[in-house]
Amino acid sequence: DAILIETINIHGEYTRRDNLYFKQFLMADYFDIRGKNEIRDIKHEYLAGEDNLKFMSITYMFKNDHRDSRNYPLMGYYFDAQLKQSGLGITKSKVNISRITTNFRKYHYINSGWYVAAGMYAQAYSTKDIPFYFQDGLGFNRYVRSYEPYVILGQFSGLGKVLLKYQLIKPKIHTLPLIKLEKF
C-alpha cells in the first residue's frame, strides 16, 4: 500500500474573454484530502494538523497577452495575476491561506535580428506557517526549468530573467495561388 494521500477534487471554472488580448478566470474547488497512517506523525507540517482535510478554495486570474507568438515570442508583452484563497470558512477545516502570484514578460526588437526578453515572476502567501501541501514555489517545472531537485519554497519568492536572442533565419511569407484572400 504505497499511497500516502488520497485526494478528491471537484473543480468548476468560468472563463471570460473580453477581446483578443484580455482573458479572465474564476475557479472554485472543493478538496477532500485523506492522509494515511505513515504521514500522521508529520500531519502538522504536511496537512495543516488534520488527518482528513476538507476545504474549499476560490481563485481569480486574469491574463493580458500582447505577444506576437505564444510559442516563441519576439515582440510584445505578457502579464498575468492570480489571487487564490484556500479555506472559505464553510467547512470545519482551519485552513485559511491566501496567495497572490504575478508574472510579467516584455519582448523587444533591438536591431539587425537581435531581440531581448525580460521577465519577472513573484508570489506571496498571507501567512508564514504554510503546510507543505499548499506550498508552491520556484521549480516544479514552472518558471525555472531543469531544477526539479532544487525546488525553492517559502512565504515569498521571486525570479527575474533576461534573454538575448538572434534571428538566424528570417521568416518568409508565401501566398497560396488557390486562395486569393490575404487572410489565408
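Reading the values: the criteria
Residues numbered from 1 in each chain as written. Predicted model: local features only at pLDDT ≥ 70, side-chain atom pairs only at ≥ 80, totals over all residues. Heavy atoms only, no water. Salt bridge = Lys/Arg side-chain N within 4 Å of Asp/Glu carboxyl O. Buried < 20%, exposed > 50% of the residue type's maximum accessible area, 1.4 Å probe, protein only. Phe/Tyr/Trp six-rings, centres within 6.5 Å; stacked < 30°, edge-to-face > 60°. Helix = DSSP H or I, 4+ residues; strand = E, 2+ residues; numbered from the N terminus. Lys NZ or Arg CZ within 6 Å of the ring centre and 35° of its normal.

Colleague: Could you give an account of the pattern of salt bridges, with specific residues and numbers?
Modeller: Tallying each qualifying case throughout the model produces four salt bridges. Across the pair arginine 34 and aspartate 32 runs a salt bridge whose closest N-O atoms are separated by 3.0 Å. On the basis of relative accessibility, which here comes to 36%, the residue arginine 34 falls in the partly exposed class. Ionic pairing is found between aspartate 65 and arginine 67, a salt bridge with its closest N-O pair at 2.9 Å. On the basis of relative accessibility, which here comes to 18%, the residue arginine 67 falls in the buried class. When salt bridges with common partners are traced through the structure, they connect Asp65, Arg67 and Arg70 into a single cluster.

Colleague: Lay out the packing of aromatic side chains in plain terms, naming residues and giving numbers.
Modeller: Remark: the centre distance and the inter-plane angle together describe each pair of aromatic rings, the angle taken between the planes. By the definition in use, this model includes nine aromatic pairs. Relative to phenylalanine 62, the ring of tyrosine 60 has its centre 6.3 Å away and its plane inclined at 40°; by these criteria the two rings are tilted. A ring pair is formed by tryptophan 114 and tyrosine 166, whose centres lie 4.8 Å apart and whose planes are at 50°; its orientation type is tilted. Taken together, the positions of tryptophan 114 in strand β6 (residues 114-125) and tyrosine 166 in strand β7 (residues 156-166) put the pair 52 residues apart, joining distant regions of the chain. Judged by its relative accessible area of 36%, tryptophan 114 falls in the partly exposed class. Here a set of aromatic residues connected by ring pairs shows up, and it is made of Phe22, Tyr60, Phe62, Phe79 and Phe104. Positioned above the aromatic ring of tyrosine 72, the side-chain terminus of lysine 165 is 4.1 Å from the ring centre.

Colleague: Tell me about unusual backbone geometry, residues and numbers included.
Modeller: Residue serine 112 is not a glycine yet carries a positive backbone phi of 45°. By secondary structure assignment, the location of serine 112 is in the loop between β5 (97-111) and β6. For serine 112, a relative accessible area of 54% gives the class exposed.

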